[in-house]
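Fold and contact review
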Amino acid sequence: MRPFKYVRADDPRAAASAVAANPRAKFLAGGTNLLDLMKEDVERPDELVDLTRLPQLAEIRAAGGGVSLGALAKNADTANHPLIRQNYPLLTQAIVAGASAQLRNMATNGGNLLQRTRCMYFYDPATPCNKREPGTGCSALRGLNRMHAILGWSEQCVATYPGDMANALYALDAVVRVRGGDGAERTIPIQQFHRLPEDAPHRDSTLAHGELIVSIDLPPSPFARNSHYLKVRDRASYAFALVAVAAGLEMEGGTIRDSRVVMGSVAHKPWRSEEAEAVLAGAPATEASFTRAAEAALADARPLEHNGYKVELAKRAVVRALMRAARLA
Ligand SMILES: Cc1cc2nc3c(=O)[nH]c(=O)nc-3n(C[C@H](O)[C@H](O)[C@H](O)COP(=O)(O)OP(=O)(O)OC[C@H]3O[C@@H](n4cnc5c(N)ncnc54)[C@H](O)[C@@H]3O)c2cc1C
Ligand code: SF4
């Protein structure tokens with residue numbers, strides 16, 4: 001690992017301005033992703049600004065009819081919080097599907113949103129990778145791409161966003177509250193938080209350098225009674241998703257009034273399918289409706305050489321997640 005300066009932040013404003021003042025500084029939260037990447041020589045910050053002694057950023061509290069999740073709250077505390085278990089069971093299921101108990105005890109909500117891709121070429125500094133070294137090429141485009149994207153990719157990068165929590169946050173219409181180095185706050189609807197690769201795959205999110213995530217705010221959810229998080233992976237635990245689905249249904253008798261269908265690990269960001277949601281609006285909650293929705297969700301899929309299997313897998317996962325959300329399976 002290369003030498004770096006370590007600074008312990010004692011208030012959020014100072015933390016944001018310290019990182020904003022140094023283009024090579026980074027925030028340190030749980031460290032479960034950042035420190036791994038530093039050990040692999042993929043991330044090379046020359047200054048770490050430690051956020052972990054900022055208790056005001058670790059609160060989980062009722063707010064605005066919904067819940068505000070502090071950026072520094074641990075994933076485990078978030079998943080187990082009574083307000084989340086009761087009102088946002090989809091979020092509890094998604095968090096618990098990720099990583100391991102030990103990691104969830106260290107990992108924070110803000111850090112989880114900003115975890116980087118698990119593309120193996122990104123982790124290997126000996127190979128070309130536009131996300132790690134812009135302009136060097138994409139080794140996965142014509143290399144081993146079994147885990148990679150089937151939607152929204154560009155020739156510049158075919159990586160997926162690997163996280164679970166964010167898939168549920170997209171289905172729950174979360175809003176990310178951030179503070180800049182100048183002290184100004186702004187909110188980012190979660191749908192606009194992560195980026196597709198286009199021609200700048202090194203940029204994962206729409207955050208500016210030095211912007212600190214303060215909280216992730218959840219509005220009241222109409223999907224609490226009918227939601228399900230489904231994760232399909234190579235092993236039953238402790239593995240990233242091949243395909244994941246966060247599904248929520250707002251029901252009126254047997255008819256679907258509104259829905260959310262968000263697929264994970266199929267694109268560079270959680271992929272909300274408004275096409276599937278349009279099929280479901282006003283439809284009966286039946287397997288036939290869910291199958292039509294799944295076809296619509298994958299209609300634009302463009303598989304690579306080794307990941308054609310993901311298209312059918314994703315369709316089946318969408319149907320299964322919706323069946324479970326509707327309590328039909
Ligand atoms: C073996 C292993 C298996 C895993 N499996 C899964 C899985 O199945 N599903 C899943 O979802 N995740 C999985 N993870 C990822 C894990 O959940 C993330 O590493 C973790 O959530 C990151 O949170 P952190 O607090 O440790 O972030 P850090 O590593 O501290 O930071 C990550 C990034 O976020 C930035 N950052 C952190 N906090 C803020 C903030 N408040 N404002 C602005 N920037 C910030 C940091 O600068 C850094 O760039 C796995 C990790 C490991 C090591
Ligand atoms: S898919 Fe993206 S992260 Fe992976 S090698 Fe290509 S550019 Fe790098």
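Under an unreviewed UniProt entry, the name given to the chain is Xanthine dehydrogenase YagS FAD-binding subunit, and the source organism is Longimicrobium terrae.

**A short note on the sheet that holds strand β8 (residues 212–218)**
Within the open sheet, the five strands sit side by side as β4-β5-β8-β6-β7. Their pairing is antiparallel. The sheet is open, and its two edges are formed by β4 (60–63) and β7 (185–189), each paired on a single side. Put simply, the sheet's adjacent strands are angled 25 degrees from each other on average, direction ignored. Across four bridges, strand β5 (residues 66–70) lies against β8 in antiparallel orientation. Note on β8: the bridge partner recorded for G70 is S215.

**Some thoughts on the site of ligand 2**
Neighbouring ligand 2 are 14 residues; C119, C129, C138, C157 and V158 lie closest to it. Here the residues of the shell around ligand 2 sort into nine nonpolar, four polar and one charged.

**Let's talk about the UniProt feature "domain: FAD-binding PCMH-type" (unreviewed entry) in the chain**
Sites flagged by UniProt as "domain: FAD-binding PCMH-type" (unreviewed entry) map to residues 1–223. In the segment residues 1–223, helix accounts for 24% and strand for 17%; the C-alpha atoms at its two ends are 45 Å apart.

**Topic: unusual backbone geometry**
Although it is not a glycine, D41 adopts a positive phi angle of roughly 65 degrees. Examined against the element boundaries, D41 turns out to sit in the loop between α2 (34–39) and β3 (47–50). Note on D41: relative accessible area 25%, which makes it partly exposed.

**Side note on the pattern of salt bridges**
Enumeration according to the criterion identifies 23 salt bridges in this entry. Between R257 and E250 there is a salt bridge, and its shortest N-O distance comes to 3.5 Å. Owing to a relative accessible area of 49%, R257 belongs among the partly exposed residues under this scheme. Here the salt bridges do not stand alone but share partners, grouping K26, E43, R116, K131 and D204 into one network.

**Considering the site of ligand 1**
As a structural note, the neighbourhood of ligand 1 is formed by 32 residues, with F27, G31, T32, T108 and D164 the closest of them. With respect to ligand 1, the backbone of A29 contributes an N or O atom lying 2.9 Å from an oxygen atom. The separation between an oxygen atom of ligand 1 and a polar side-chain atom of K231 is 2.9 Å. Surface burial for ligand 1 is 93%, taken as the share of its 990 Å² of free accessible area covered by protein chains. Breaking the shell around ligand 1 down by element, the ones donating at least two residues are β2 (25–28), α2, α7 (109–113) and β8. The dominant element in the shell around ligand 1, judged by the number of residues it contributes, is α7, at three residues. For the shell around ligand 1, the residue count by class is 14 nonpolar, twelve polar and six charged.

Basis of the calculations
Residues numbered from 1 in each chain as written. Chains lettered and ligands numbered in written order. Predicted model: local features only at pLDDT ≥ 70, side-chain atom pairs only at ≥ 80, totals over all residues. Heavy atoms only, no water. Pairing = 2+ DSSP bridges. Helix = DSSP H or I, 4+ residues; strand = E, 2+ residues; numbered from the N terminus. Axes fitted to C-alpha atoms, helices over the stretch in contact; angles between N-to-C directions. Near = heavy atom within 4 Å. Nonpolar A, V, L, I, M, F, W, Y, C, P; charged D, E, K, R; others polar. UniProt positions renumbered as here; feature names shortened; annotations may be inferred. Buried < 20%, exposed > 50% of the residue type's maximum accessible area, 1.4 Å probe, protein only. Salt bridge = Lys/Arg side-chain N within 4 Å of Asp/Glu carboxyl O. Polar contact = N/O pair within 3.5 Å; in protein donor to acceptor, adjacent residues only side chain to side chain. Areas by Shrake-Rupley, 256 points an atom, 1.4 Å probe, with all protein chains shown as cover.

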